[in-house]
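These are the residues of each chain, in order.
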Amino acid sequence: MRRHLPLLIIFAIGLIVGASSVWYRQSLRPLASDAEERIVEIERGSGVARIARELERDGLIRNALAFRVMLLIRSPAAQLKAGHYALSPAMTPWQMAQRLVNGEVATRRLTIPEGLMLEQIADRVAEAGIAGRNEFLSAAVPATVADEVEMPPPEGKLEGYLFPETYQFTYDDGAEAVVRRMVLELQERFWRPNREEIAQRRLSLHEIVTLASLVEREAKVDEERALIAGVIQNRLDRGMLLQIDATVQYALGEHKQRLLNRDTRVDSPYNTYQHPGLPPGPIASPGLPSLMAALRPAETDALFYVAKPDGTHVFTRTNEEHERAKARIRGR
């Protein structure tokens, strides 16, 4: 019996190693063949053991111990980073570990179309779950970006300075991070490439952004943006009232398909039917085509335009021509 003892020990060790190998391989298989990703938060300061237990508890891996052994074997120096991650039971534990080691945190997609007002942008940010509406509005002030922005900041609020674009934000980004990213996008996409030309323009950057916001709300086709900017510039040069409906809607705080006469008498510095010159600031966030149109308005002798049903405009030089164009469009 003693002669066979070493063989029995070797056989037993072989069984244990074989069983352990089977257990290890089985434990590292995905829990599901097809499952949607879900967001998992890895808190700052969490060790590997705690993270493994939480992944097992959340039904993402089969066995916490196997997860720890895997990391010890395959990447002993690995550090799992804190953050929010998109993980799925259909992933292998190693795929999950790689995301955590590389810090491949989950992101949220946020699309800001051209022409939105600050409060409408706040609604979109809140709907995306990135930050609360009031939190975002409180952050949308020049002080938030003062230390990072090179271009001249506006006073009061950042209406018009939040660049329309599709963004990816992490779950750990807050309201201030979102505001900074949007303003820096305006700086990188418009101000920095055109800073010398902007400096030579008769208008300040703030006035250019304001003019661009009017173009954004008035123009429906790209081909007319520079023309509309040219008409607005002509009226400014002549001291004429701009009489732009969108500024009245901004003053009213609501969008109306058709303004009434009493609407154009609203007491507000944004009412360009009552106050000459540009309004005090932008009325929406203009996109790059409108910004470039405001920077480079078309040379035109037109002083008026009226919208046609298809969204394009008829441009005219005199009030008489303007009235005739309106009558034709309205079928009178």
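Structural notes, computed from the coordinates. (Residues numbered from 1 in each chain as written. Predicted model: local features only at pLDDT ≥ 70, side-chain atom pairs only at ≥ 80, totals over all residues. Heavy atoms only, no water.)

## A few points about helix H5 (residues 118-127)
Item 1. Considered for burial, the residues of H5 that qualify are Leu118, Ile121, Ala122 and Val125. Mapping the buried residues of H5 onto a view down its axis gives an arc of 105°, with all of them on the same face.
Item 2. Where the residues of H5 are buried, they touch strand E3 (107-111), helix H6 (133-139) and helix H8 (175-200).
Item 3. Following H5 by one or two positions, Gly129 adopts a phi angle in the positive range, close to 75°. (Buried < 20%, exposed > 50% of the residue type's maximum accessible area, 1.4 Å probe, protein only. Helix = DSSP H or I, 4+ residues; strand = E, 2+ residues; numbered from the N terminus. Arc of directions from axis to C-beta. Contact = heavy atoms within 4.5 Å.)

## Some thoughts on the pairing of strand E2 (residues 83-87)
Item 1. E2 sits mainly inside the fold: 5 of its 5 residues count as buried.
Item 2. Where strand E1 (residues 38-42) lies against E2, 5 bridges are found, and the strand directions are antiparallel. Note that in E2 the partner of Arg38 across the bridge is Leu87. (Pairing = 2+ DSSP bridges.)

## Remarks on the side chain of Glu185
Item 1. One can find Glu185 in helix H8.
Item 2. In this structure Glu185 comes out as buried when scored by relative accessible area, which is 18%.
Item 3. Once residues lying within four places of it in the same chain are set aside, the contact partners of Glu185 are Phe163, Glu165, Tyr167 and Phe190.

## Focus on the packing of helix H9 (residues 205-218) against helix H12 (residues 288-295)
Item 1. The contact between H9 and H12 brings their axes to 8 Å, and the two run at 120°. Our classification of the angle between H9 and H12 gives oblique. Crossing angle aside, the handedness with which H9 passes H12 is right-handed. Where H9 abuts H12, its residues Ile208, Val209, Leu211, Ala212, Val215 and Glu216 lie against Ser290, Leu291, Ala293, Ala294 and Leu295. (Axes fitted to C-alpha atoms, helices over the stretch in contact; angles between N-to-C directions. Parallel < 35°, antiparallel > 145°, perpendicular 65-115°, else oblique. Left-handed = near helix turned anticlockwise from the far one by under 90°.)

## Notes on the packing of aromatic side chains
Item 1. Following the criterion strictly, the structure yields 3 aromatic pairs and no others.
Item 2. Each ring, one from Tyr167 and one from Phe169, has its centre 5.6 Å from the other, and the planes form 25°; the classification is stacked.
Item 3. Overall, Tyr167 belongs to the buried group, its relative accessible area being 0%.
Item 4. Take Phe169: its relative accessible area is 2%, and that puts it in the buried class.
Item 5. Between Tyr250 and Tyr270 the ring centres are 4.8 Å apart and the planes differ by 50°, which places this aromatic pair in the tilted class. Of this pair, Tyr250 sits in helix H11 (residues 245-252) while Tyr270 sits in the loop between H11 and H12; the two residues are 20 residues apart in sequence, bridging distant segments of the chain.
Item 6. Classification of Tyr250 by relative accessible area gives buried; the value is 14%.
Item 7. Its relative accessible area of 17% is what places Tyr270 among the buried residues.
Item 8. Sitting over the face of the ring of Trp94, Arg74 holds its NZ or CZ atom 4.2 Å from the ring centroid.
Item 9. Directly above the ring of Phe169 sits Arg181, whose terminal nitrogen or CZ lies 5.7 Å from the centroid. (Phe/Tyr/Trp six-rings, centres within 6.5 Å; stacked < 30°, edge-to-face > 60°. Lys NZ or Arg CZ within 6 Å of the ring centre and 35° of its normal.)

By themselves these figures say nothing about function.
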